[in-house]
Protein chains: 2
Amino acid sequence: MTVVQEHSPQKGESDSKARLRLWLRLLKASRQIEAELRERLRVEFASTLPRFDVMAALSRHPQGMKMSALSGVLKVSNGNVTGIVDRLTEDGLVVRAQVPGDRRASLARLTGKGHAEFERQAKAHEAWVDTLLKDVEGERAERLATLLNDVVHSIEEKEK
Amino acid sequence: MTVVQEHSPQKGESDSKARLRLWLRLLKASRQIEAELRERLRVEFASTLPRFDVMAALSRHPQGMKMSALSGVLKVSNGNVTGIVDRLTEDGLVVRAQVPGDRRASLARLTGKGHAEFERQAKAHEAWVDTLLKDVEGERAERLATLLNDVVHSIEEKEK
């Protein structure tokens, strides 16, 4: 018992060093993977990550989304989201419609062409991620995802 | 054997979904932690993450670093690094000295005050990360950090 107590400050310190190392690696891995995905979207689809993220959000909301909702989900400013939606609209991938009873708001939805294009990109995106994370065996990926989810939730809880 | 073969495409698909989920959680966790750290640096030290990163790099190079080396390590443009170093110099945390034999280059180093200030901030930073990742038990953090290191290296290998 004495031994354990004697060692516990050291143990505490090494835990905090291990967590610091984990954070630095997490940051490095996520920046590197993000850079790879940006590059591939650019080369293979002449597109960008923000465009992909907007399409992904819209594909989960077939009834359409307001700019404010999109901006909230993507944690991007309203102005940026509007610019991206405008360009997707010009490309025929998104259509904007009036919100009944709210003259100033409009709902953005994927068009048929937009759905098809997103499916194509999402399939490629999933395959890229699969290759980039191939070192992480499937079940381990599942466990890790759950663990990171706990981390995210515990931070969100603290912010309330 | 037949059963295994019948199931393997499905297994492959679920592995790739697990990796996609892992990537989305990794990205979410890293953005959230980064936002928390930015906020705390701002509130507690009236500082920023780029300033902290520059000081961290300089603290590992007591002999000093050229702007180009700093910019390479931090993956930030030369102009941005110069601006940050200029402000750290005004605050008395960094000093710039001529590189012998290279009139156009200068070496940035932490001053005594800069070292002390970085130590203070690094200690706080480590404690914040420790709290944010408290759900991840020490040994698990170690294993995860190693795994992410493998991921980073395998991506770097591919880029060569």
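What counts and what doesn't
- Every chain begins its residue count from 1, and numbering advances along the sequence as written.
- Lettering for chains starts from A, numbering for ligands starts from 1, and both go in the order in which the items are written.
- A pLDDT threshold of at least 70 governs which residues receive local features in this predicted model, and a stricter bar of 80 or more applies before side-chain atom pairs are shown or counted, although totals over entire chains, interfaces and linings include all residues.
- Values reported for side chains reflect all heavy atoms of the structure, with hydrogen atoms and water molecules removed beforehand.
- Only when DSSP finds a minimum of two bridges between them are two strands counted as paired.
- The helix count covers DSSP runs of H or I at least four residues long, the strand count covers runs of E at least two residues long, and both are numbered beginning at the N terminus.
- Note on contacts: a residue pair is in contact if any heavy atoms of the two residues lie within 4.5 Å.
- When two components associate, each loses some accessible surface as probed by a 1.4 Å sphere; the sum of these losses over both components is called the buried area.
- Any Lys or Arg side-chain nitrogen located within 4 Å of an Asp or Glu carboxyl oxygen qualifies as a salt bridge.
- Any N or O atom pair separated by 3.5 Å or less is treated as a polar contact, with the protein-specific requirement of one donor-capable and one acceptor-capable atom, and with residues adjacent in sequence counted only for side-chain atom pairs.
- Per-residue accessibility, obtained with a 1.4 Å probe over protein chains only, is compared with the maximum for each type, and a residue is labelled buried under 20%, exposed over 50%, and partly exposed between these values.
- Only residues with pLDDT of at least 70 in both copies count here: their C-alpha atoms drive the least-squares fit that superposes the copies.
- Each C-beta atom gives one direction from the helix axis, and the arc is the one those directions make.
- Take the buried Ala, Val, Leu, Ile, Met, Phe, Trp, Tyr and Cys residues and link them wherever side-chain atoms come within 4.5 Å; each set so joined is a nonpolar core.
- Axis definition: a line fit to C-alpha positions, over the contact stretch in the case of helices; interaxial angles, taken between N-to-C directions, run 0 to 180 degrees.
- For cavity detection a 1 Å grid was placed over the protein atoms alone, and a set of points counts as a cavity when a 1.4 Å probe fits there but cannot get out; an open set counts as a pocket when protein lies on both sides within 12 Å along at least five of seven lines, with lining residues being those that have an atom within 4 Å of a point.
- Grid points are joined across faces, edges and corners, and a volume is the space filled by probe spheres set on the points.
- Amino acid classes used here: Ala, Val, Leu, Ile, Met, Phe, Trp, Tyr, Cys and Pro are nonpolar; Asp, Glu, Lys and Arg are charged; the rest, including Gly, are polar.
- Here a helix's expected span is defined as the number of its residues, less one, multiplied by 1.5 Å.

Residues and elements named next belong to chain B. Across the sheet, which stays open at both edges, the 3 strands sit in the order S1-S3-S2 with antiparallel pairing between neighbours. Looking at the sheet topology across the chains shown, the edges are occupied by strand S1 (65–66) and strand S2 (94–99). Direction of pairing for S2 relative to strand S3 (residues 102–110): antiparallel, over a ladder of 6 bridges. Looking at S3, one finds that Val95 is bridged to Arg109.

Counting from both sides, the interface comprises 51 residues of chain A and, opposite them, 51 residues of chain B. Both sides together, the interface formed by chain A and chain B hides about 5,500 Å², and carbon and sulfur atoms give 61% of it. Ranking the residues of chain A by area buried against chain B places Arg19, Trp23 and Glu126 of chain A at the top, with a combined share of 13%. Counting across the chain A and chain B interface gives 8 salt bridges. Here Glu126 of chain B makes a salt bridge to Lys17 of chain A, at a shortest N to O gap of 2.8 Å. At the junction of chain A with chain B, the criterion picks out 21 residue pairs in polar contact (both at pLDDT 80 or more). The set of elements that each furnish at least two residues to the side of chain A that touches chain B consists of helix H1 (2–45), helix H5 (112–132) and helix H6 (138–159) of chain A. By residue number, the principal contributor to the side of chain A that touches chain B is H1 of chain A, which donates 22 residues.

Our focus in this paragraph is unusual backbone geometry. For residues besides glycine, phi is generally negative; the peptide bonds are generally trans as well. Not every positive phi belongs to a glycine, and Lys75 of chain A is a case in point at roughly 55 degrees. Along the chain, Lys75 of chain A turns up in the loop between helix H3 (67–74) and helix H4 (78–90). Positive phi outside glycine occurs at Ala46 of chain B, with the angle close to 45 degrees.

Moving on to the environment of Glu39 of chain B. If you trace the backbone, Glu39 of chain B turns up in helix H1 (residues 2–45). With a relative accessible area of 38%, Glu39 of chain B lands in the partly exposed category.

Next up on the list: the relation of the copies chain A and chain B. The two chain copies are related to each other by a rotation about an axis together with a translation along it. Mapping chain A onto chain B calls for a screw motion: a turn of 180 degrees about the axis and a shift of 0.0 Å along it, with 0.0 Å RMSD after fitting. Here the copies are linked by what is in effect a two-fold axis. Mapped onto chain B, 100% of the interface residues of chain A are again interface residues, and the two copies thus contact each other with one and the same surface.

This paragraph deals with H3 of chain A. All names here are of chain A. For H3, the set of buried residues is Met67, Leu70, Ser71 and Leu74. In an axial view of H3, the angular spread of the buried residues amounts to 100 degrees, which keeps them on one side of the axis. Lys75 sits one or two positions beyond H3 and adopts a positive phi of about 55 degrees.

As a further point, take the nonpolar core. Side chains of a nonpolar character, in soluble globular proteins, are inclined to be buried together. Counting residues in each nonpolar core, the largest one holds 91 residues, and the members touching the most others are Ile33 and Leu70 of chain A together with Ile33 and Leu70 of chain B. Look past the residues within four positions of Leu70 of chain A in its chain and what remains in contact with it is Val54, Ala57, Leu58, Met65, Val81 and Val85 of chain A.

Our next topic: the sheet that holds strand S2 (residues 94–99) of chain A. Residues and elements named next belong to chain A. What the 3 strands build is an open sheet, ordered S1-S3-S2; its pairing is antiparallel. Both edges of this open sheet fall to strand S1 (65–66) and S2, since each of them pairs with a single strand only. Sheet topology note: the S1/strand S3 (residues 102–110) ladder contains 2 bridges and is antiparallel. Pairing of Lys66 across the sheet is with Leu107, part of S3. Contacts from helix H2 (residues 49–59) reach S1, S2 and S3 within the one sheet, and its direction differs from that of S3 by about 95 degrees.

Bringing the side chain of Ser47 of chain B into the picture now. All names here are of chain B. With respect to the helices and strands, the residue Ser47 is situated in the loop between H1 and helix H2 (49–59). Judged by relative accessible area, Ser47 falls into the buried class, the value being 5%. Excluding anything up to four places from it in sequence, Ser47 contacts Leu41, Arg42 and Gln121.

Turning our attention to empty space enclosed by the protein. For the structure on display, the rule yields 1 cavity of 30 Å³ or more. Lining the largest cavity we find Leu22, Leu26, Leu147, Leu148 and Val151 of chain A together with Leu133, Val136 and Leu144 of chain B. Sorting the residues of the lining of the largest cavity by element identifies H1 and H6 of chain A as the ones contributing at least two each. Broken down by element, the residue count for the lining of the largest cavity peaks at 3 residues, all from H6 of chain A. Class assignment of the residues belonging to the lining of the largest cavity gives a composition of 8 nonpolar, no polar and no charged.

Here we come to helix H4 (residues 78–90) of chain B. Residue and element names in this part refer to chain B. In this model, H4 (13 residues) spans 18 Å end to end at C-alpha, consistent with the 18 Å of a helix rising 1.5 Å per residue. When we look at burial in H4, the residues that qualify are Val81, Ile84, Val85 and Leu88. Seen end-on, H4 carries its buried residues on one side only, within an arc spanning 100 degrees. Exposed residues lying more than 90 degrees from the buried face of H4 are Gly79 and Glu90. Buried residues belonging to H4 abut H2, helix H3 (67–74), S2 and S3. Positive phi shows up at Gly92, right after H4, with a value of about 75 degrees.

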